[in-house]
Amino acid sequence: MFVAESVLGGSTDPDTLHQLGALEFYQVWVAREYWRLLTSLFLHYGLFHLLFNLYALFIVGPGLERAIGSIRFAICYLLAGLGSGIGVCFLRFYGLNSAEHLVGASGCVMGLVGVWAGLLLRHRHTPMAGRRLKNILVIVAVQTAFDLSTPQISMAAHLSGLITGLLLGLIFA
């Protein structure tokens, strides 16, 4: 999709991202283009955004995939992304978020962090669970600080993905 973005007008061009399915509150809530909840997960705003999400997925993904299996991993990834988008839209509807144009997989990635947390909470008696939960808290704290210091990043998307993932982790545990 990044190649398509680049060829069709640029990965930072709002019109290109709109045409390819960026998450836009009005388009989802009023025009009922619910498909944008899914398509926006595969679009990225620039090469750095794509590389950052790929790196985060590389760090979080392999261990979690081994722990829950490839099919559950894919389900959690997509559901966390959808939960992220739905959360952003609900927060926007209630005036708690001002996001207009969102793209990226970071809600999915934060969802995977939440899945890890849910699994560890359900199995907190296992060796190293407490230490790993503390590591997850550090990841969430760093991400939150980064979100607060970078206005173009959607904390709502990250937290919605994280909460969705946490619930999925508790279910799949």
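Whatever comes next refers back to the structure up there.
Residues numbered from 1 in each chain as written. Predicted model: local features only at pLDDT ≥ 70, side-chain atom pairs only at ≥ 80, totals over all residues. Heavy atoms only, no water.

**Structural notes on the packing of aromatic side chains**
Reasoning step 1: Overall, the coordinates contain six aromatic pairs when judged by the stated rule.
Reasoning step 2: Here the aromatic rings of W29 and F90 are separated by 5.4 Å at their centres, their planes lie at 80°, and the arrangement is edge-to-face. With W29 in helix 3 (residues 25-29) and F90 in helix 6 (residues 70-93), the pair connects residues that are 61 residues apart, well separated along the chain.
Reasoning step 3: Exposure remark for W29: the relative accessible area of 33% places this residue in the partly exposed category.
Reasoning step 4: Residue F90 is classed as partly exposed on the basis of its relative accessible area of 41%.
Reasoning step 5: Of the aromatic side chains, those joined through ring pairs into one cluster are F25, W29, F90, F93 and Y94. (Phe/Tyr/Trp six-rings, centres within 6.5 Å; stacked < 30°, edge-to-face > 60°. Helix = DSSP H or I, 4+ residues; strand = E, 2+ residues; numbered from the N terminus. Buried < 20%, exposed > 50% of the residue type's maximum accessible area, 1.4 Å probe, protein only.)

**Observations regarding the layout of surface pockets**
Reasoning step 1: Approximately 990 Å³ is the volume found for the largest pocket.
Reasoning step 2: Lining the largest pocket are 39 residues, and of these H49, N53, S106, I153 and H158 lie nearest its centre.
Reasoning step 3: For the lining of the largest pocket, the secondary-structure elements that each account for two or more residues are helix 5 (47-68), helix 6, helix 7 (106-122), helix 8 (129-149) and helix 9 (155-172).
Reasoning step 4: Here the lining of the largest pocket gets eight residues from one element, more than from any other, and that element is helix 5.
Reasoning step 5: By residue class, the composition of the lining of the largest pocket is 22 nonpolar, 17 polar and no charged. (1 Å grid on protein atoms, 1.4 Å probe; cavity = no way out; pocket = protein on both sides within 12 Å on 5 of 7 lines; lining within 4 Å. Points joined across faces, edges and corners; volume = space filled by probe spheres on them. Nonpolar A, V, L, I, M, F, W, Y, C, P; charged D, E, K, R; others polar.)

**Some points on the packing of helix 7 against helix 8**
Reasoning step 1: Close contact between helix 7 and helix 8 brings their axes to 10 Å; oriented N to C, the two are set at 155°. Relative to helix 8, the element helix 7 lies roughly antiparallel. Between helix 7 and helix 8 the crossing geometry is left-handed. Residue-level contacts link M110, V113, W116, A117, L120 and L121 of helix 7 to A129, R132, L133, I136, I139, V140 and Q143 of helix 8.
Reasoning step 2: Its residues assigned to classes, the contact of helix 7 with helix 8 shows eleven nonpolar, one polar and one charged. (Axes fitted to C-alpha atoms, helices over the stretch in contact; angles between N-to-C directions. Parallel < 35°, antiparallel > 145°, perpendicular 65-115°, else oblique. Left-handed = near helix turned anticlockwise from the far one by under 90°. Contact = heavy atoms within 4.5 Å.)

**A short note on the pattern of salt bridges**
Opposite charge on two side chains permits them to pair, given that their charged atoms come into close proximity.
Reasoning step 1: Counting across every chain of the model gives two salt bridges.
Reasoning step 2: A salt bridge links R36 to E33, with the shortest nitrogen-to-oxygen separation between them at 2.6 Å. Considered together, R36 and E33 belong to a single accessibility category, that of buried residues.
Reasoning step 3: Among the salt bridges present, the one from E100 reaches R92, with a minimum N-O distance of 2.2 Å.
Reasoning step 4: Judged by its relative accessible area of 45%, E100 falls in the partly exposed class.
Reasoning step 5: Overall, the relative accessible area of 23% leaves R92 in the partly exposed class. (Salt bridge = Lys/Arg side-chain N within 4 Å of Asp/Glu carboxyl O.)

Nothing here speaks to function; it is all geometry.
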